[in-house]
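Summary of the model geometry
If you want the building blocks of each chain, they are given just below.
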Amino acid sequence: MLFRSGRFTIFSNDRKIIIPYNAASMQIINSMMKIIRDRYTGKSYQKLQSPYDHDKEKNLIKETLYINLLDEMRADNEKFDVTVIQPSVRLQKIREGIRPKALQFLSRKKLLSSLHLANKSEILVISRGNPFKTRKGDIYSRSYIYIPIEKLQSIILEKDDCFDNLQRFCMKTNKHSFIFYFDESNEESKDYYRNLSNIVNI
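What comes next is a walk through the structure.

What counts as what
Residues numbered from 1 in each chain as written. Predicted model: local features only at pLDDT ≥ 70, side-chain atom pairs only at ≥ 80, totals over all residues. Heavy atoms only, no water. Helix = DSSP H or I, 4+ residues; strand = E, 2+ residues; numbered from the N terminus. Buried < 20%, exposed > 50% of the residue type's maximum accessible area, 1.4 Å probe, protein only. Contact = heavy atoms within 4.5 Å. Areas by Shrake-Rupley, 256 points an atom, 1.4 Å probe, with all protein chains shown as cover. Pairing = 2+ DSSP bridges. Axes fitted to C-alpha atoms, helices over the stretch in contact; angles between N-to-C directions. Expected span 1.5 Å × (residues − 1). Arc of directions from axis to C-beta. Core = buried A, V, L, I, M, F, W, Y, C linked by side-chain atoms within 4.5 Å. Phe/Tyr/Trp six-rings, centres within 6.5 Å; stacked < 30°, edge-to-face > 60°. Lys NZ or Arg CZ within 6 Å of the ring centre and 35° of its normal.

For the protein, the count of helices and strands is five helices and 13 strands. Relative to its 202 residues, the protein shows a buried fraction of 43%. Put simply, of all contacts in the protein between residues at least 6 apart along the chain, 56% involve residues at least 24 apart. Accessible surface computed for the protein: about 11,900 Å², of which carbon and sulfur atoms make up 48%.

On to the sheet that holds strand 12 (residues 166–172), then. The strand order 11-12-13 describes an open sheet built from three strands, whose pairing is antiparallel. The open sheet has two free edges, formed respectively by strand 11 (154–159) and strand 13 (177–183), since each of these has just one partner strand. Looking at each pair of strands side by side, their axes are set apart by 20 degrees on average, direction ignored. Of the pairings in the sheet, the one linking strand 11 to strand 12 comprises six bridges and is antiparallel in character. Pairing of Ile156 across the sheet is with Cys170, part of strand 12. In the packing of helix 5 (residues 187–200) onto the sheet, contacts are made with strand 11, strand 12 and strand 13, and the angle to strand 11 comes to roughly 155 degrees.

This next bit is on helix 1 (residues 26–40). Taking 1.5 Å of rise per residue, the 15 residues of helix 1 would be expected to cover 21 Å, and the 21 Å separating its terminal C-alpha atoms lies within 8% of that figure. Those residues of helix 1 not exposed but buried are Ile29, Met33, Ile36 and Arg37. Down the axis of helix 1, the buried side of the element spans an arc of 100 degrees, and every buried residue falls inside it. When the buried face of helix 1 is taken as reference, the exposed residues oriented beyond 90 degrees from it are Gln27, Ile28, Ile35 and Arg39.

Turning to the nonpolar core, a few remarks are in order. Counting residues in each nonpolar core, the largest one holds 43 residues, and the members touching the most others are Leu117, Ile123, Ile126, Phe169, Met171, Tyr192 and Leu196. Here this core takes five residues from helix 3 (residues 64–75), the largest share from any one element. Excluding anything up to four places from it in sequence, Met171 contacts Ile123, Ile147, Leu152, Ser154, Ile155, His176, Ser177, Phe178, Phe180, Tyr192 and Leu196. Within the second largest apolar cluster, seven residues are counted, among which are Leu111, Phe163, Leu166 and Tyr181.

Spatial ordering of the open sheet is given by 5-6-9, a layout of three strands whose pairing is antiparallel. Lying at the two open borders of the sheet, with one neighbouring strand each, are strand 5 (89–90) and strand 9 (132–133). Bridge count between strand 5 and strand 6 (residues 110–111): two bridges; the pairing is antiparallel. The partner of Arg90 across the bridge, within strand 6, is Lys110.

Judged by how many residues are buried, strand 4 (residues 81–86) sits mostly within the fold: five of six residues are covered. For strand 4 and strand 7 (residues 114–118), the ladder comprises five bridges, and the chain directions are antiparallel. Residue Ile85 lies in a different strand from strand 7, and its bridge partner there is Leu115.

A word on the packing of aromatic side chains. Note on aromatic pairs: each is described by the distance of the centres and the angle between the planes. Scanning the model with the defined rule gives seven aromatic pairs in all. With centroids separated by 6.5 Å and ring planes inclined at 90 degrees, the aromatic side chains of Phe169 and Tyr193 adopt a geometry described as edge-to-face. Pair noted here: Phe169 is in strand 12 and Tyr193 is in helix 5, with a separation of 24 residues, a long-range link. Classification of Phe169 as buried rests on a relative accessible area of 0%. Looking at Tyr193, the relative accessible area reads 25%, which means it is partly exposed. Aromatic rings pair up to connect Phe169, Phe182, Tyr192 and Tyr193 into one cluster. Between the NZ or CZ atom of Lys109 and the centre of the ring of Phe132, over which it lies, the distance is 5.0 Å.

The following block contains the structure:
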């Protein structure tokens, strides 16, 4: 499920359902989301352990938006642990020449930050909605993606074919694919991939 300002998207086996909402209907959407999550997360697994010290993780997250959202979830007794913190990073084009470097300086495209979490039955990714931002772009949105672990068919971590310092992380269910990105130097993302692969391949 993708939960985002302005729309609530449900990915079912055979279709995608989009429900627009506004601030007045936020409470209704939250209740609906909880009912759907409870329905589709029947199976539990060994919990993915967080590689971060609980008392220090907020210093690593840094962004106020994510810190506040994490505090809200824990206040609601949502038992998610942080599995990967992906800070915002500048992107480096593959096989850069002088001209591509100049163009990249002008566009200054970068990977936006994201927060990956897990409990015993779900993966949760909190992000800005769009993974990338250019120099001219302004990002105000936020996105929540809940994926039941039992629905995962495969996961793939591979080098991106456009940027030198980027890895593409794909989670596939029976009918849908969800793609995220990590900085290549993010060691926690590699551990996350290995640990989640062990669960999915059981």
